[in-house]
Amino acid sequence: MAVTLQPSFPDPPADSARCFRLLINAMSRPGLVHTMPIELPEAGMLNPASVMIALTLCDHESPVWLDDDAGEQASSYIRFHCNAPIVPDSSKAAFAFFLHCPGTDALNSFAEGTPDYPDASTTLIIQVESLSGGMGGVSLTGPGIETVHNLCVAGIPDRFWSWFKSANRKFPLGMDVILAAPGSIAALPRTVRILET
């Protein structure tokens with residue numbers, strides 16, 4: 001069956017620059033919700049925010065791992081528009097895209113870097129229902145947060161926050177996470193600390 005590819009950035013040079021600035025701002029201001037600066041289509045089961053992240057960050061030097069349920073349209077889209085290889089081995093991925101928050105065993109299968117190369121880790125992109133709802137939220141602190149920032153997420157179970165707290169105790173090893181709601185993102189770099197509530 002033929003796969004129909006959705007379009008990429010309408011104005012690639014300008015749009016990629018705008019989206020790159022947004023992602024840099026998101027990483028430097030952890031937990032702050034950023035609205036997508038342009039409209040993009042879904043690609044398979046990847047929502048528009050995940051598509052934006054892929055178009056902005058993925059290239060021929062960044063192996064991509066996709067959730068099994070993402071679909072052939074998603075993998076074809078990333079191969080065609082990003083020229084990025086799709087890899088089945090999670091430990092080889094530079095970027096990993098999840099349709100929903102996975103279990104801790106799956107999260108632990110990705111690269112956390114090495115003492116000599118802590119940047120040789122996987123960036124996890126996890127799709128969520130919303131970044132403006134959820135029960136209670138979590139309190140974040142760390143570089144880029146003046147005091148404490150509260151982030152409410154719909155679609156992330158408590159086990160994820162427990163995993164994240166454990167994983168970032170290994171700093172500078174660890175994984176950076178970007179939460180992707182349909183039209184917005186929030187970043188959780190490995191420098192973030194989650195306060196007990």
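Right above here is the structure, for reference.
Residues numbered from 1 in each chain as written. Predicted model: local features only at pLDDT ≥ 70, side-chain atom pairs only at ≥ 80, totals over all residues. Heavy atoms only, no water.

Enquirer: How do you make sense of the pattern of salt bridges when you look at a structure like this?
Expert: Proximity of charged atoms lets side chains of opposite charge pair with each other. Here the structure, examined in full by the defined rule, presents four salt bridges. Here Lys170 makes a salt bridge to Glu112, at a shortest N to O gap of 3.2 Å. Note that Lys170 is positioned in the loop between α5 (158-167) and β7 (177-181) and Glu112 in the loop between α4 (104-107) and β4 (123-127), a separation of 58 residues in sequence. Assessed through its relative accessible area of 41%, Lys170 is described here as partly exposed. A residue is classified by how much of its surface remains accessible, and Glu112, at 27% relative accessible area, is partly exposed. (Salt bridge = Lys/Arg side-chain N within 4 Å of Asp/Glu carboxyl O. Helix = DSSP H or I, 4+ residues; strand = E, 2+ residues; numbered from the N terminus. Buried < 20%, exposed > 50% of the residue type's maximum accessible area, 1.4 Å probe, protein only.)

Enquirer: Would you mind going over the packing of aromatic side chains with me for this structure?
Expert: Aromatic rings considered in pairs are described by the distance between their centres and by the relative angle of their planes. For the coordinates displayed, the defined rule picks out seven aromatic pairs. With a centroid separation of 5.0 Å and an interplanar angle of 45°, the aromatic rings of Trp65 and Phe98 are classed as tilted. You can see Trp65 sitting in strand β2 (residues 64-66) and its partner Phe98 sitting in strand β3 (residues 95-98), a full 33 residues away along the chain. For the pair Trp65 and Phe98, a shared accessibility class is recorded, and that class is buried. Members of the aromatic cluster, connected to one another through ring pairs, are Phe160, Trp161, Trp163 and Phe164. (Phe/Tyr/Trp six-rings, centres within 6.5 Å; stacked < 30°, edge-to-face > 60°.)

Enquirer: Looking at this structure, I do not really get the side chain of Arg190. What am I missing?
Expert: The topology assignment puts Arg190 in the loop between β8 (184-188) and β9 (193-195). Assessed through its relative accessible area of 8%, Arg190 is described here as buried. At 3.2 Å, the side chain of Arg190 and the backbone oxygen of Gly174 are in polar contact. (Polar contact = N/O pair within 3.5 Å; in protein donor to acceptor, adjacent residues only side chain to side chain.)

Enquirer: Where do I start with the environment of Gly71 in this structure?
Expert: By the secondary structure assignment, Gly71 is in the loop between β2 and α3 (72-82). When its relative accessible area of 35% is taken as the criterion, Gly71 is described as partly exposed. Between the alpha carbons of Gly71 and Leu46 there is a distance of 8.7 Å; along the sequence they are 25 residues apart.

Enquirer: Would you take a moment to explain the side chain of Ser62 for this structure?
Expert: As for its position among the elements, Ser62 is in the loop between α2 (48-57) and β2. Not counting the four nearest positions on each side in its chain, Ser62 is found in contact with Leu57, Ala84, Pro85, Ala94 and Phe95. (Contact = heavy atoms within 4.5 Å.)

Enquirer: Whenever I open this one, the nonpolar core confuses me. Can you help?
Expert: Buried together is how nonpolar side chains tend to be arranged in soluble globular proteins. Ranked by internal contacts, the top residues of the largest apolar core, which has 33 residues, are Met52, Ile53, Phe97 and Ile185. Those elements that provide at least two residues to this core are α1 (12-28), α2, β2, α3, β3, β7 and β8. Ranked by residue count, the leading element in this core is α2, at six residues. When residues no more than four places from it in sequence are discounted, the contact partners of Phe97 are Leu46, Ser50, Ile53, Ala54, Cys58, Val64, Trp65, Leu66, Asp67 and Ile125. Counting 31 residues, the second largest nonpolar core, distinct from the first, contains Leu140, Ile145, Phe164 and Ala167. (Core = buried A, V, L, I, M, F, W, Y, C linked by side-chain atoms within 4.5 Å.)

Enquirer: What's the story with the pairing of β4 in this structure? I'm lost.
Expert: Looking along a regular strand, one sees the side chains alternate between the two faces of the sheet. Most of β4 sits inside the fold, with five of its five residues counted as buried. Neither face of β4 is exposed, since Thr123, Ile125 and Gln127 on one face and Leu124 and Ile126 on the opposite face are all buried. Inspection of the sheet shows β3 paired to β4 by four bridges, in the parallel sense. Residue Phe97 lies in a different strand from β4, and its bridge partner there is Ile125. By the bridge criterion, four bridges tie β4 to β7 in an arrangement that is parallel. The residue bridging Ile125 from the neighbouring strand is Ile178, located in β7. (Pairing = 2+ DSSP bridges.)

Enquirer: How should the sheet that holds strand β6 (residues 149-151) be read in this particular structure?
Expert: Pairing between the strands of a sheet comes from backbone hydrogen bonds, and it takes one of two forms, parallel or antiparallel. As summarised here, the arrangement of the three strands in space is β6-β5-β9, forming an open sheet in which the pairing is antiparallel. With partners counted over all chains shown, the strands left at the sheet margins are β6 and β9, one partner each. Averaged over all adjacent pairs, the angle separating strand axes in this sheet is 45°, with direction ignored. Here three bridges tie strand β5 (residues 138-141) to β9, and the two strands are oriented antiparallel to one another. Residue pairing in the sheet places Thr141 in a bridge with Arg193 of β9. (Axes fitted to C-alpha atoms, helices over the stretch in contact; angles between N-to-C directions.)

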